[in-house]
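As a plain string of letters, each chain reads:
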Amino acid sequence: MPLVVLCGRPGSGKSRRASELQAALGGPERRAHVVAEAEGGRAALRAEVERRLSRRDVVIVDAGNELRSIRYELYCAARQAGTARCLLHCAGGPGRPDEPPFEAPDPQNRWDRPLFTVHGEEPLPLDAIRAALFDSAPPPPHRATRTQPLQSASFLHQLDRVTQEVLGAVMDAQRSGAQPGETVRVPGVAEGLVLSRPVSMAELSRLRRQFISYTKMQPRDENLPQLAGMFLQYLSRSIQ
């Protein structure tokens with residue numbers, strides 16, 4: 001179902017608007033999920049958005065999305081999923097010397113439309129947002145939004161090896177008697193995984209395949225040192 005991408009400077013009220021949208025767009029017939037920025041950067045954000053996109057639920061991205069390239073990636077994710085989307089620009093914000101540069105959305109760009117802009121306490125244009133999400137036909141998938149083959153064989157090899165090591169560590173911990181609430185550690189990785197329940201190898205393998213599929217779409221060599229941590233964060237969000 002539809003994707004709502006928020007963008008704006010720090011302090012512009014994005015999280016408040018995301019809560020308003022969640023309350024307005026969710027209901028008995030559909031759920032509304034808010035995906036917020038977290039460790040792992042763009043790849044982790046996009047992976048979580050794609051995991052949440054479904055035929056029924058609404059996904060609301062509560063993040064700065066200050067760069068055109070980030071908004072374009074989310075546009076591609078929605079187009080690949082065959083779902084409608086819109087962009088909500090929260091204008092304003094106090095501005096800080098250390099804040100990242102903000103590239104304002106431009107409705108001339110296809111990834112920045114339909115575009116809605118709100119200032120301060122201005123009410124959300126909910127009727128227009130609902131029309132954009134529920135009454136318009138989603139754009140057809142485009143060749144450019146399909147998964148491209150990896151350019152780096154070493155990246156694929158590393159991705160396969162690291163995710164296998166994480167799965168091995170999780171299964172070893174469970175076989176050793178790890179209980180729900182305990183932290184599973186992977187050698188050489190700062191992040192840990194707190195299991196809320198027992199997890200089977202079949203479920204872990206399915207989540208591993210999903211993570212690999214998402215990560216292949218943005219193969220960046222600079223992400224290599226963080227792959228294990230990113231995968232642990234993905235497992236933590238997926239196992240509930």
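1. Side note on the overall build of the protein chain
On a plain count of helices and strands, the protein chain comes out with seven helices and seven strands. Along its sequence from the N terminus, the protein chain presents helices and strands in the succession β-α-β-α-β-α-β-β-α-α-β-β-α-α. Partitioning the contacts of the protein chain with sequence separation of at least 6, the portion at a separation of at least 24 is 78%.

2. Focus on the sheet that holds strand β5 (residues 115-119)
If you trace the five strands from one edge of the open sheet to the other, you get β2-β3-β1-β4-β5, paired in parallel fashion. The open sheet has two edge strands, β2 (32-36) and β5, and neither has a second partner. Looking at each pair of strands side by side, their axes are set apart by 20 degrees on average, direction ignored. Summarising the sheet, strand β1 (residues 3-8) and strand β3 (residues 58-62) pair through three bridges and their orientation is parallel. In the sheet register, valine 5 faces β3, and the bridge partner there is valine 61. The sheet contacts of helix α1 (residues 14-25) involve β1, β2, β3, β4 (85-91) and β5, and relative to β1 the element is tilted by about 160 degrees. Along the sheet face, helix α2 (residues 41-52) touches β1, β2 and β3 and points at about 170 degrees away from the line of β2.

3. A look at the packing of helix α6 (residues 201-216) against helix α7 (residues 227-238)
Their axes nearest at 11 Å, the elements α6 and α7 cross at an angle of 125 degrees. With respect to their mutual orientation, α6 and α7 come out oblique. Seen from above, α6 lies across α7 with right-handed handedness. In this structure, α6 uses Leu204, Leu207, Arg208, Gln210, Phe211, Tyr214 and Thr215 to contact α7, whose residues at the interface are Leu227, Met230, Phe231, Tyr234, Leu235 and Ser238. Here the residues of the contact of α6 with α7 are counted per class, giving nine nonpolar, three polar and one charged.

4. Things to note about the side chain of histidine 89
For histidine 89, the location among the structural elements is in strand β4. Those residues in contact with histidine 89 that lie beyond four places of it in its chain are Cys7, Gly8, Phe102, Pro105, Leu115, Phe116, Thr117 and Val118.

5. A few points about unusual backbone geometry
In this structure, the amide linkage connecting arginine 113 to the following residue, proline 114, adopts the cis form with an omega of -5 degrees. Residue placement: proline 114 occurs in the loop between β4 and β5. Even without glycine at this site, asparagine 65 takes up a positive phi of about 45 degrees.

6. Quick word on the nonpolar core
Counting residues in hydrophobic clusters, the biggest one holds 30 residues, and the most contacted among them are Val166, Val170, Leu193, Leu195, Leu204, Leu235 and Ile239. Those elements giving two or more residues to this core turn out to be α2, α5 (153-175), α6 and α7. The biggest single contributor to this core is α5, with nine residues. Those residues in contact with leucine 193 that sit more than four places away from it in its chain are Val170, Glu182, Thr183, Val184, Leu232, Leu235 and Ser236.

7. Some points on the confidence of the model for the protein chain
Of all residues in the protein chain, 88% attain a pLDDT of 70 or more, and the chain-wide mean is 84. Low pLDDT, under 50, characterises residues 143-151; the stretch is placed with 14 contacts to residues that sit more than four places away or in other chains.

8. Section: the packing of aromatic side chains
A complete count under the given rule lists four aromatic pairs for this structure. Considering the side-chain rings of phenylalanine 211 and phenylalanine 231, the 4.9 Å spacing of their centres and the 40 degrees angle between planes classify their relative orientation as tilted. In this pair, phenylalanine 211 sits in helix α6 while phenylalanine 231 sits in helix α7, placing the two residues 20 residues apart along the sequence. When its relative accessible area of 2% is taken as the criterion, phenylalanine 211 is described as buried. Look at phenylalanine 231 and you get buried, because its relative accessible area is 0%. Within the aromatic cluster, the residues linked to one another by ring pairs are Tyr72, Tyr75 and Trp111. Over the aromatic face of phenylalanine 134 sits the side chain of arginine 30, whose NZ or CZ is 4.0 Å from the ring centroid.

Reading guide: rules and limits
- Residues numbered from 1 in each chain as written.
- Predicted model: local features only at pLDDT ≥ 70, side-chain atom pairs only at ≥ 80, totals over all residues.
- Heavy atoms only, no water.
- Helix = DSSP H or I, 4+ residues; strand = E, 2+ residues; numbered from the N terminus.
- Contact = heavy atoms within 4.5 Å.
- Pairing = 2+ DSSP bridges.
- Axes fitted to C-alpha atoms, helices over the stretch in contact; angles between N-to-C directions.
- Parallel < 35°, antiparallel > 145°, perpendicular 65-115°, else oblique.
- Left-handed = near helix turned anticlockwise from the far one by under 90°.
- Nonpolar A, V, L, I, M, F, W, Y, C, P; charged D, E, K, R; others polar.
- Core = buried A, V, L, I, M, F, W, Y, C linked by side-chain atoms within 4.5 Å.
- Buried < 20%, exposed > 50% of the residue type's maximum accessible area, 1.4 Å probe, protein only.
- pLDDT = per-residue confidence, 0-100.
- Phe/Tyr/Trp six-rings, centres within 6.5 Å; stacked < 30°, edge-to-face > 60°.
- Lys NZ or Arg CZ within 6 Å of the ring centre and 35° of its normal.

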